[in-house]
Amino acid sequence: MQNDPEIVESQKDQQKIEIIKNEIENLMQLSRGETFYVLGKEDFINHCRNNIDLDKLEKLFQQVVKDMQCQSISLCDRKSGDGPVRDFRIRNIVDEYDFIETRSFKNIIFRITVAGNVDTGKTTLLGVLTHNTSDDGRGSARSKMFNHKHEAATGRTSSIGVNIVGFDYAGNCLNNPDRGKLDWQKLCKKASKVVSLIDLAGHEKYLKTTISGMFGYAPDACMLIVISHCRHFRLGPTQV
């Protein structure tokens, strides 16, 4: 007795859905709500021989993503082995609530400390990134980041400065300050991913402040800024 082709196809689709769902769940648990997924990779059931097979598989994939209350965006199509694959980025859907920086929420929080020698442009870089503006060469970008008057007068950071950059699920930057001021609450309501940029002091005089910011904020990564136009400079204790 031969099996009904439609029943066999339905069983295969259900098997594919279960495999995709299990893989995404495992990846999301490991990556705190954001992950990358390769559709059509070379395994025993999800391998695609052509773009038609890949498009059919994507319909099942989108069904799984929707059922998991996530959002996906296609990044690129490429060849892998003897068939095509499609790369996706998957994120949790963000609810509407006031922003509280805690990792139990669906917002993806990523903290980066910014360290480097004095006068390397750390604060200027962060001012450009967080306020979506260009520097005028006279310190307009870094002036938006200073916490104290003496910092603006000397041009050197002596305290820990924290600012954020928000992205939607498609990866678009949402930082659009209103009259030069960034509304964190509005930004975090719209964002599905928030990156906290922690500006540290570069002068060795403020070494204790730098160490406090480096360890007290529990960063996920550190961005080290170095001087590109200077061949020789003294390595201070803040850079060791």
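These lines cover the structure that appears in this document, whether it is placed above or below. Just so we're clear, the structure is a prediction, and the values are computed from it rather than from any experiment.

This part is about the sheet that holds strand E1 (residues 34-39). Taken together, the 3 strands give an open sheet; going across it, the order is E1-E3-E2, and neighbouring strands pair in antiparallel fashion. Taken across any chain shown, the strands that pair with only one partner, and hence form the sheet edges, are E1 and strand E2 (70-80). The mean angle between the axes of side-by-side strands here comes to 20°, regardless of whether they run parallel or antiparallel. Where E2 and strand E3 (residues 83-92) come together, 10 bridges link them in antiparallel fashion. Note on E3: the bridge partner recorded for Gln 71 is Arg 91.

For the rest of this paragraph, the subject is unusual backbone geometry. What you tend to see is this: most non-glycine residues have negative phi, and most peptide bonds are trans. Its identity is not glycine, yet Asp 119 carries a phi of approximately 65°, on the positive side. For Asp 119, the location among the structural elements is in the loop between strand E4 (108-116) and helix H3 (122-131). Exposure remark for Asp 119: the relative accessible area of 53% places this residue in the exposed category. Of note, Ala 218 is a non-glycine position whose phi angle comes to about 50°, a positive value. Mapped onto the elements, Ala 218 comes out in the loop between helix H6 (207-216) and strand E7 (221-225).

A few words now on the pattern of salt bridges. Throughout the structure, instances matching the rule amount to 7 salt bridges. In this structure, the salt-bridge partner of Arg 91 is Glu 34, at a minimum N-O distance of 2.6 Å. Here Arg 91, found in strand E3, pairs with Glu 34, found in strand E1; they are 57 residues apart in sequence, far enough to count as distant. In this structure, Arg 91 and Glu 34 share a single accessibility class: buried. A salt bridge links Glu 34 to Lys 193; its shortest N-O distance comes to 3.2 Å. Of this pair, Glu 34 sits in strand E1 while Lys 193 is found in strand E6 (residues 193-199), placing the two residues 159 residues apart along the sequence. The same class applies to Glu 34 and to Lys 193, which are both buried. Each of Asp 55, Glu 58, Asp 77 and Arg 86 takes part in one network of salt bridges that share partners.

Rules used throughout
Residues numbered from 1 in each chain as written. Predicted model: local features only at pLDDT ≥ 70, side-chain atom pairs only at ≥ 80, totals over all residues. Heavy atoms only, no water. Pairing = 2+ DSSP bridges. Helix = DSSP H or I, 4+ residues; strand = E, 2+ residues; numbered from the N terminus. Axes fitted to C-alpha atoms, helices over the stretch in contact; angles between N-to-C directions. Buried < 20%, exposed > 50% of the residue type's maximum accessible area, 1.4 Å probe, protein only. Salt bridge = Lys/Arg side-chain N within 4 Å of Asp/Glu carboxyl O.

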